[in-house]
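Observations on the three-dimensional arrangement
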Amino acid sequence: MSTVGFHTLGCKVNFYDTEAIWQMFKHEGYEQVDFEQTADVYVINTCTVTNTGDKKSRQMIRRAIRRNPDAIIAVTGCYAQTSPAEILAIPGVDLVIGTQDRDKIMTYVNEIKSKREPINAVRNIMKTRQFEELDVPDFADRTRAFLKIQEGCNNFCTFCIIPWSRGLMRSREPESVIKQARMLVAAGYQEIVLTGIHTGGYGEDIEGYSLAKLLRDLDKVEGLKRIRISSIEASQITDEVLEVLASSDKMCRHLHVPLQAGNDTVLGRMRRKYTTEEFGNKIKAIHKAMPDVAITTDIIVGFPGETDEMFREGFEFMKEMRFSEMHVFPYSQRTGTPAARMTDQIDEEVKNERVHQLIDLSEQMQLAYAEKFVGETLEVIPERAHKGDEAGLVMGYTDNYIQLVFPGSEDLIGHVCQVKLTVAGVNECKGELVSVAKLAKAASN
């Protein structure tokens, strides 16, 4: 039996794509082995979001070639899309396939088996207008399934290379999304996470359809307990989306809304399409539609030209927003982007100092958000046994994205539990099990 080993770098969308590629190998009778073992084929799914992503991708490609010089080395993903020639120049690489045409990967692998000639299968992504259908019926994580609903991005923020590696915005056909959602529910998943490169932009390229309409249609899928949106821009939270959030009992009380900077000058230079005032108004509207909602965000610190005063102003704005957590990143120069060519780059030490201040603020916000729920009973779908010193604990997320750890056996995994939050913490909270819901019949069909 032929074997294949995978290594994925980068974001959740890449992990989804790797799962989809694995389905194709599985279909051809391959067995999956650990990337560190000897395999007949190695697939490296690369990332290019930072210069470090490129470097790590090259390291993993070379590692696979060293592990088995006779193996077929296939490289896919964002770095493969933007720099195919650079990758093919590495001796031992057999196939470079970007962020499209991956449904043809087995044809290429079989061709290489017989001819042993390297193939560059990368096309101009900017000409692609079709969403590539890649189904993933099954995930290692048995409680949450990812469902990719769109690809690409039209925003061209000055710090970001992604439109060049993923192409322009294209949405998956609504019927296809609903069909896949039903398949996932039938496979026993209770929660679906809608994911993509620019998830909230779903439907912008479909006449008469929108993200709000998709959410309404998903709300009608029987047996589905939770719908979570992986990320949405403030500008994409329309009144119609707010209505669905307010009226659906399946929509999770958690939204990830990237802010990136809390100062209008910096936002303008990033080419973000909102001001802090517009962002703040959207956040207020979300809180009104969905009381107790958890809003998480992304922040880039030390963007070129960010003065101490701009940083302080941003810091105060973030405090006002009362996020439940912030993902903080120091700005990193990405070759090929407008921001990398800006002359007023910020000193690394200044960036690190600011990052620490914002991480401290984020931890205060996390604690303050969790403390509001002490004594309340929340719904949790346990995901795994807790990896701590104490045995007999399981962990899972509430619908509003609080990580709860509580005493219970592993047979609770995947079941809907009512758990009382007893101790608030920064990254995880403690609780006690109140009751467990019987599993719906849908999973046995």
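Reading the values: the criteria
- Residues numbered from 1 in each chain as written.
- Predicted model: local features only at pLDDT ≥ 70, side-chain atom pairs only at ≥ 80, totals over all residues.
- Heavy atoms only, no water.
- Axes fitted to C-alpha atoms, helices over the stretch in contact; angles between N-to-C directions.
- Helix = DSSP H or I, 4+ residues; strand = E, 2+ residues; numbered from the N terminus.
- Left-handed = near helix turned anticlockwise from the far one by under 90°.
- Contact = heavy atoms within 4.5 Å.
- Nonpolar A, V, L, I, M, F, W, Y, C, P; charged D, E, K, R; others polar.
- Pairing = 2+ DSSP bridges.
- Buried < 20%, exposed > 50% of the residue type's maximum accessible area, 1.4 Å probe, protein only.

It is the contact of helix α7 (residues 174–186) with helix α8 (residues 211–219), at a shortest axis distance of 10 Å, that shows an interaxial angle of 30°. Regarding α7 and α8, the two cross each other, and that crossing is right-handed. Here Val 177, Ile 178 and Ala 181 of α7 come into contact with α8, specifically with Leu 214, Asp 217 and Leu 218. Taken together, the residues that form the contact of α7 with α8 break down as five nonpolar, no polar and one charged.

So, about the sheet that holds strand β7 (residues 144–148). Overall, parallel pairing links the three strands, which are arranged β7-β10-β11 in an open sheet. Sheet topology places β7 and β11 (226–229) at the edges, where each strand pairs with a single neighbour. Pairwise comparison of adjacent strand axes, ignoring direction, gives a mean angle of 25° for this sheet. Most of the contacts of helix α1 (residues 12–27) go to β7, to which it runs at about 90°, and overall it touches β7 and β10 (191–195). Strand contacts of α8: β10 and β11, with the helix running at about 160° to β11, the strand carrying the most contacts.

In this model, Arg 116 sits at a positive phi of 55°, which is unusual for a non-glycine residue. As for its placement among the helices and strands, Arg 116 is situated in the loop between α5 (105–115) and β6 (119–120). By relative accessible area, which is 41% here, Arg 116 ends up partly exposed. In this structure, Arg 271 takes a positive phi of about 65° despite not being glycine. Along the chain, Arg 271 falls in the loop between α10 (264–270) and α11 (276–289). Given the relative accessible area of 41%, Arg 271 is considered partly exposed.

In short, geometric facts, not functional conclusions.
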